[in-house]
Amino acid sequence: MYSFNTSLVADGVALALLVRVCVCGDEGTGKSSLIASLVKDVFVSNKIQPVLPQITIPPSIGTPENVTTTIVDTSARPQDRTTLRKEIRKSNVILLVYSDHYSYERVALFWMPYFRSLGVNVPVVLCANKCDLTDNNMPQVVDEEMLPVMNEFREIDSCIRASAREHHNVNETFFLCQKAVTHPIAPLFDYKEGNLKPACVSALKRIFYLCDKDQDRYLNDKEIQEFQAKCFDKPLSSEDLGNIKLSIAKSVPGSDTTKGIDMRGFLQLNKIYAEKGRHETIWIILRKYHYTDSLSLEDSFIHPKFDVPEFASAELSPAGYRFFMDLFLLFDKDNDGGLNDQELGALFAPTPGLPLSWVESSFPSTTVRNEAGYITLQGWLAQWSMTTFLEPKTTLEYLAYLGFEPPHARETLASALKVIKPRKRRRRPGRVERNVVLCYIVGAASAGKSSLLDAFLNRPFDGLYHPTIKPRRAVNSVELQGGKQCYLILEELGELEPAILENQARLDACDLICYAYDSSDPDSFSHIVDLRKRHPQLDDLPSIYTALKADKDKTTQRSELQPDQYTSSLMMSTPVHVSVTWNSIGELFVALAEAATNPSTAFPKNDEPPPDRTSLYLALGAMTCAAAAAFMIWRRSTNSA
């Protein structure tokens, strides 16, 4: 970006490995002579055939681009119109040649309307050939002649004067054709308005945000050097940096470059490059930051390959947690431990906005907030833990938007995530190595499930009943025995409870079921009994029974068995009696997290545990080995006899 002698790099042309140039124009304008002069590197004075055969130029000859260039000569005769149409439609770029006033007038009257009638959408390079025969090389003459037609036809990418006889600007003419494909100006700059196009401005703004590491709204000298190294693989001299700042100061009124380059200066500098025909520099920057020709981020960049096997799940890796933690601390400008709306807006500036799932779940109500209602660091990390668990591809997409850089050069965005072992053997004793677990809270209406989620997020108790229509989630960190922390996701299923419990994929993603009932409502527990009868597949999930509203008078449940008897018949622990108004409510969340991470302790045990046959298996194994040894000894003795 900053060095004015920057050359093109291979990365910048990786999207166009082949450029097909169709050379058009009236008869006698010197089309074939231009091509011959390019190939021979001198003017061919001998008479050449009217239409040259197609030629292919490898990257190392004639043009500095790392692409293969195919040049197709054409005839303007009416009888060759069919071939002309075919070649135009096959081309990536059209080189339109004129050489005198008549052929110049035909550019606007015939050629450009003809290209449009064919429905082709390729750039056109306008070449005024035989400039050695005219005196119209003064800048004002060039402007008066070429700019009007460029303004009328936006598909004209650039224009140039050349002479095949003098070998003047011949290589440059075909270089412009190549550049029109590999580094098109049309998506970047509006010549009519004289400004960078909105999509280009948006992309450059995002790049500025990512380069402004300290978020002080200026690119200081260190940040500029890091940017220069990333884009152009070479340092920027202090003299060049000074010249850049001087150019910005002259072209941006009121700019102060003593602190560095601000957003206005950054955009102005790229506008200068576009105006001077140095738009390949802008493309190098954009492509280093994974932008396509349509100025959208590469799909392979924002959606890298990341497969989560069946029954497994995804979590943030240490590098991922570190990135999101640093991001929070960077944008918490007032150091109040929370991200207010302005700080959150600045953080998500390089992205399309909040993830759709966050919006649909009324973020930040899903996680921990401070007294002012702003998300805390604890809530921020918990929210991303939940997002990664439920939709890892969304996390990867936002890691790309927010500028995550892998710790090692060979790693990808996926290094911010890790895949956790499958949950296939839940009944096997022992703790599972999971840092994020999901618990469904199921039970009758008005059992207190929503209040339980509020208490989980340290929200005050609201005695007014609000029925839950759509599923609602809450996520927070829980400290397990021994001091280890995990993130617990509680999900209330709402009116979709029957459908979700019938969905095997949703059950496979669940680590624990919490059966909650209102201990003061006589009809509350029967809902759980009926639920388990309708959905026998729930027996395959670890579970805990919870009696909510324990601060109220306990009542007898209208059920064949009372809750304590019911759980005892399953050889499970009796229901935990809690109230969201008690300070001890946190113990329930610890119990849920412990059961989710040690699932074998929370399964219904309808039958007696199977007898331990380990000794029998060992005895049988020993007997088998002894018999095999005796057989081998007998066989040896027989052979020797």
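Look up: the structure comes first, before these words.
Residues numbered from 1 in each chain as written. Predicted model: local features only at pLDDT ≥ 70, side-chain atom pairs only at ≥ 80, totals over all residues. Heavy atoms only, no water.

Novice: Could you clarify how one ought to interpret the pairing of strand S5 (residues 124-128) in this entry?
Specialist: Counting buried residues along S5, five of its five residues qualify, which places the element largely inside the surrounding structure. Following the chain from strand S4 (residues 93-98) across helix H3 (residues 101-117) to the adjacent parallel S5, one finds a crossover that is right-handed. (Buried < 20%, exposed > 50% of the residue type's maximum accessible area, 1.4 Å probe, protein only. Helix = DSSP H or I, 4+ residues; strand = E, 2+ residues; numbered from the N terminus. Right-handed = clockwise from strand over helix to strand, strands pointing away.)

Novice: So what exactly am I meant to see when it comes to the sheet that holds strand S13 (residues 436-442) here?
Specialist: Strand pairing in a sheet takes place through backbone hydrogen bonds and is either antiparallel or parallel in direction. Strand order in the open sheet formed by six strands is S14-S15-S13-S16-S17-S18, and the pairing between neighbours is mixed. Looking at which strands have only one partner, the edges of the open sheet turn out to be strand S14 (472-479) and strand S18 (576-577). As paired elements, strand S17 (residues 543-548) and S18 share two bridges and run parallel to each other. Looking at S18, one finds that Ala547 is bridged to His577. Lying over the sheet, helix H17 (residues 449-456) contacts S13, S14, strand S15 (485-492), strand S16 (512-518) and S17, oriented at roughly 45 degrees with respect to S14. Set on the sheet, helix H22 (residues 585-597) makes contact with S13, S14, S15, S16, S17 and S18; between it and S15 the angle comes to about 100 degrees. (Pairing = 2+ DSSP bridges. Contact = heavy atoms within 4.5 Å. Axes fitted to C-alpha atoms, helices over the stretch in contact; angles between N-to-C directions.)

Novice: Whenever I open this one, the sheet that holds S5 confuses me. Can you help?
Specialist: In spatial order, the strands read S2-S3-S1-S4-S5-S6; together these six strands make up an open sheet with mixed pairing. Each edge of the open sheet is held by one strand with a lone partner, namely strand S2 (55-57) and strand S6 (156-161). Here the strands of the sheet are splayed against their neighbours by 25 degrees on average, with no regard to which way each runs. Pairing analysis gives five bridges linking strand S1 (residues 18-25) to S4, with the strands arranged parallel. The partner of Val21 across the bridge, within S4, is Val93.

Novice: What am I meant to see in the environment of Leu531 here?
Specialist: Positionally, Leu531 belongs in helix H20 (residues 524-534). In this structure Leu531 comes out as buried when scored by relative accessible area, which is 1%. As a C-alpha pair, Leu531 and Pro498 span 33 residues in sequence and 8.7 Å in three-dimensional space. Leaving out residues up to four positions away in the same chain, Leu531 has contacts with Val442, Glu497, Leu501, Tyr515 and Leu538.

Novice: What am I meant to see in unusual backbone geometry here?
Specialist: If a residue is not glycine, its phi is most likely negative; likewise, a peptide bond is most likely trans. Note that the residue after Phe363, namely Pro364, is joined by a cis bond; omega there is 10 degrees. Tracing the chain through its elements places Pro364 in the loop between helix H14 (356-360) and strand S11 (375-376). In the Ramachandran plot, Asp41 falls in the positive-phi region, its phi being about 70 degrees despite a non-glycine side chain. Here Asp41 is to be found in the loop between helix H1 (31-40) and S2. Under the relative-accessibility criterion, Asp41 is labelled partly exposed at 48%. Phi at Lys130 takes a positive value of approximately 60 degrees, unusual for a residue other than glycine. Note on placement: Lys130 falls in the loop between S5 and helix H4 (139-152).

Novice: Would you take a moment to explain the environment of Ser45 for this structure?
Specialist: Summarising the element assignment, Ser45 is placed in the loop between H1 and S2. Given the relative accessible area of 64%, Ser45 is considered exposed. For the pair Ser45 and Ser33, spaced 12 residues apart in the sequence, the C-alpha separation amounts to 9.0 Å.

Novice: Looking at this structure, how should I read the nonpolar core?
Specialist: Nonpolar side chains tend toward joint burial in soluble globular proteins. Leu188, Ile207, Leu286, Phe324, Trp380, Leu399 and Tyr440 are the most contacted members of the largest nonpolar core, which totals 100 residues. The element best represented in this core is helix H6 (residues 198-211), accounting for eight residues. Beyond its immediate chain neighbours, meaning those up to four positions away, Leu399 contacts Phe323, Phe324, Phe404, Leu413, Ala416 and Leu417. In this structure, Leu452, Cys514, Phe589 and Ala602 belong to the second largest nonpolar core, which totals 29 residues. (Core = buried A, V, L, I, M, F, W, Y, C linked by side-chain atoms within 4.5 Å.)

Novice: How should I be thinking about the packing of H17 against H22 in this particular structure?
Specialist: Helix packing geometry: the angle between the two helix axes and the distance between the axes. Where H17 meets H22, the axes come as close as 10 Å, and the angle between the chain directions of the two elements is 95 degrees. Here H17 lies roughly perpendicular to H22, going by the angle between them. On the side of H17, the interface is formed by Leu452, Ala455 and Phe456, while H22 contributes Ile585, Leu588 and Phe589. Of the residues that constitute the contact of H17 with H22, the class distribution is six nonpolar, no polar and no charged. (Parallel < 35°, antiparallel > 145°, perpendicular 65-115°, else oblique. Nonpolar A, V, L, I, M, F, W, Y, C, P; charged D, E, K, R; others polar.)

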